[in-house]
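Commentary on secondary and tertiary structure
Each chain, letter by letter, is given below.
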Amino acid sequence: MLDQIQSVVAGLFGPMVRRPKMLQMAALCHRGEGEHREFLLVTSRNTARWIIPKGWPIRGLKSNETAQQEAWEEAGVKDSVVTETPVGTYTYEKERANGFSVPVETLVYSVAVEKLSEEFPEAHERKRKWVSADRAAELVNEPELKSIFRKL
């Protein structure tokens, strides 16, 4: 009986208290072909977890251009070719400074890297490394992002 009441309450009030997902764009940076293909991971600034470059929409840029810009700022990707459409999406909970978290949907764009720079905006705040798709899937925390790497 209690389960039925909880189900009814959740059905009635759940949509009113559920926050919509925020949107970010991410760069799935890669180099090489076939079994030699590698993916670029960077550390997050606050927790030093391995992630892919990502960020909030940038006024005046398309979503794929935002992903490319984030690849430059966070990983030093200087010359690259980015896809027009996302190759996948993943969701995660973004911890805010106030202690609350917000759901974020992240559009993932493929970015073929031609050149990396040693000097880039967040060079002193992040580490970066090239890894295989299997290794990337082991290192990142987000289950849907792991799945994207495992499909490659």
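Residues numbered from 1 in each chain as written. Predicted model: local features only at pLDDT ≥ 70, side-chain atom pairs only at ≥ 80, totals over all residues. Heavy atoms only, no water.

Quick word on the overall build of the protein
A count of helical and extended segments in the protein gives four helices and eight strands. N-terminal to C-terminal, the α/β element order of the protein is α-β-β-β-β-α-β-β-β-β-α-α. Residues classed as buried in the protein amount to 39% of the 152 residues present. Of the contacts formed within the protein by residues at least 6 apart in sequence, a portion of 66% connects residues at least 24 apart. Total accessible area on the protein is roughly 9,400 Å²; 51% of this is exposed by carbon and sulfur atoms. (Helix = DSSP H or I, 4+ residues; strand = E, 2+ residues; numbered from the N terminus. Buried < 20%, exposed > 50% of the residue type's maximum accessible area, 1.4 Å probe, protein only. Contact = heavy atoms within 4.5 Å. Areas by Shrake-Rupley, 256 points an atom, 1.4 Å probe, with all protein chains shown as cover.)

Re the side chain of lysine 146
Within the secondary structure, lysine 146 sits in helix α4 (residues 143-151). Although buried, lysine 146 forms no salt bridge, and the nearest oppositely charged side chain, glutamate 142, lies 7.6 Å from it. Within the structure, the side chain of lysine 146 is placed 2.7 Å from the backbone oxygen of valine 140, a separation counted as a polar contact. Not counting the four nearest positions on each side in its chain, lysine 146 is found in contact with Ala137, Glu138, Val140 and Asn141. (Lys, Arg positive; Asp, Glu negative; His and termini not counted. Salt bridge = Lys/Arg side-chain N within 4 Å of Asp/Glu carboxyl O. Polar contact = N/O pair within 3.5 Å; in protein donor to acceptor, adjacent residues only side chain to side chain.)

Re the packing of aromatic side chains
Summed over the entire model, instances satisfying the criterion amount to two aromatic pairs. A centroid spacing of 5.5 Å and a plane angle of 80° characterise the contact between phenylalanine 39 and phenylalanine 149, whose relative ring orientation is edge-to-face. In this pair, phenylalanine 39 is assigned in strand β2 (residues 38-43) and phenylalanine 149 in helix α4, connecting sequence segments 110 residues apart. Classification of phenylalanine 39 as buried rests on a relative accessible area of 2%. Note on phenylalanine 149: relative accessible area 0%, which makes it buried. (Phe/Tyr/Trp six-rings, centres within 6.5 Å; stacked < 30°, edge-to-face > 60°.)

A short note on α4
Burial in α4 covers these residues: Leu145, Lys146, Ile148 and Phe149. Seen from one end, α4 has its buried residues packed into an arc of 155°, which puts them on one side. Relative to its buried face, α4 has exposed residues pointing more than 90 degrees away, namely Pro143, Arg150 and Lys151. Packed against the buried residues of α4 are β1 (22-31), β2, β6 (88-95), β7 (101-116) and α3 (133-139). (Arc of directions from axis to C-beta.)

Geometric descriptors of this kind do not, in isolation, establish any biological role.
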